Amino acid sequence: MIIATADAHGAPWASPVFYVPAENYDLYWTSEKTSRHSENIRSTGAAAIVIYEAERGKPVDAVYISAESTELADPEDVKRGIEVMARKPQPDKWLIESVDDVTGDGPWRIYRAHPTTIEVRADAVEKGKAVVRRESADFRTSD
């Protein structure tokens, strides 16, 4: 997914990140704690996310999400984040081997994006020309 964040002064930043979805539409990812998007999340918590599938013939090939994002610090949240991240295979160099990898002096942190809006990309026709529009997606989240 591509996550767009902004610092406290509004300067935008976009980054591709490996993510894993949870059953309640929350998205989890691991990033270096000093990366610019990580610093932005600690600063503002706001994020815009695009997940794009470039496969032809699919009725929906992109999802747009506005989300409140947080760096996980509570031990139970970190434990849950590690469990979610373990659901999707990753290269060995990115595997979380212990809680120490994502807390304290560890190089990474786990982040969670909780969607506030979800829209999908939809094809339409305007004046005989193909256009793409966003349509609200029906979703429910649990807080």
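(A) Expanded view of the overall build of the chain. Assigned secondary structure in the chain consists of two helices and eight strands. Listing every helix and strand of the chain by position from the N terminus yields β-β-β-β-α-β-β-α-β-β. Expressed along its principal axes, the backbone C-alpha trace of the chain runs to roughly 60 × 35 × 30 Å. The buried share of the chain, reckoned over its 143 residues, is 35%. Taking as baseline every contact in the chain between residues at least 6 positions apart, the subset at least 24 positions apart corresponds to 59%. Surface summary for the chain: the accessible area is close to 8900 Å², and the carbon and sulfur share equals 52%. Each charge sign in the chain was given a centre, from 18 positive and 25 negative side chains, and these centres are 7 Å apart.

(B) Spatial organisation of the environment of Val99. Along the polypeptide, Val99 turns up in the loop between α2 (75-85) and β7 (108-126). Placed 24 residues apart in sequence, Val99 and Pro75 show a C-alpha to C-alpha distance of 8.9 Å. Setting aside residues no more than four positions away along its own chain, Val99 makes contact with Val78 and Ile82.

(C) Focus on α2. Taken together, the buried positions of α2 are Val78, Gly81, Val84 and Met85. For α2, the arc enclosing every buried residue in end-on projection is 120 degrees, short of the 170-degree limit, so these residues lie on one face. Opposite its buried face, α2 presents the exposed residues Pro75 and Glu76, each directed more than 90 degrees away. With a side-chain oxygen lying 3.0 Å from the backbone nitrogen of Glu76, the N-terminal cap of α2 falls on Asp74.

(D) Molecular detail of the pattern of salt bridges. For the structure on display, the rule yields six salt bridges. With a closest N to O distance of 2.9 Å, Asp61 and Arg121 form a salt bridge. In this pair, Asp61 is assigned in the loop between β5 (46-52) and β6 (62-71) and Arg121 in strand β7, connecting sequence segments 60 residues apart. Residue class for Asp61 comes out buried when judged on its relative accessible area of 16%. Through salt bridges with shared partners, a single ionic network connects Glu23, Arg80 and Arg87.

(E) Summary view of the pairing of β7. For strand β4 (residues 27-32) and β7, the ladder comprises six bridges, and the chain directions are antiparallel. Its bridge partner lying in β7, Ser31 is registered against Arg109. Where β6 lies against β7, nine bridges are found, and the strand directions are antiparallel. Opposite Ser69, over in β7, you have Ala113 as the bridge partner. Pairing analysis gives eight bridges linking β7 to strand β8 (residues 129-136), with the strands arranged antiparallel. Within β8, the position partnered with Glu126 by the bridge is Lys129. The antiparallel hairpin formed by β7 and β8 contains two residues in its connecting segment, where Lys127 sits at a positive phi of about 55 degrees.

Definitions and limits used
- All chains use their own residue numbering, which begins from 1 and follows the written sequence.
- The predicted nature of this model means local features are confined to residues of pLDDT at least 70 and side-chain atom pairs, given and counted, to a pLDDT of 80 or more, with totals for whole chains, interfaces and linings taken over all residues.
- Side-chain numbers come from the whole structure's heavy atoms, not from hydrogens or water.
- Numbering of helices and strands runs from the N terminus, with a helix taken as a DSSP run of H or I at least four residues long and a strand as a DSSP run of E at least two residues long.
- Burial classes: relative accessible area under 20% of the type maximum marks a residue as buried, over 50% as exposed, and values in between as partly exposed (1.4 Å probe, protein chains only).
- By the convention used here, residues are in contact when the closest approach between their heavy atoms is within 4.5 Å.
- Accessible surface is estimated by sampling points in the Shrake-Rupley manner with a 1.4 Å probe; for residues, cover comes only from the protein chains shown.
- Charged residues are defined here as Lys and Arg on the positive side and Asp and Glu on the negative side; His and the ends of the chain fall outside this count.
- Where a charge sits is defined by one atom per residue type, namely NZ (Lys), CZ (Arg), CG (Asp) or CD (Glu).
- Arc definition: directions from the helix axis to the C-beta atoms.
- By the criterion applied in these results, polar contacts are pairs of N or O atoms within 3.5 Å in which, for protein atoms, one can donate a hydrogen and the other can accept it, and in which residues neighboring in sequence qualify only through two side-chain atoms.
- What makes a salt bridge here is a side-chain nitrogen of Lys or Arg within 4 Å of a carboxyl oxygen of Asp or Glu, nothing more.
- One bridge is not enough; two strands pair if DSSP finds at least two bridges between them.

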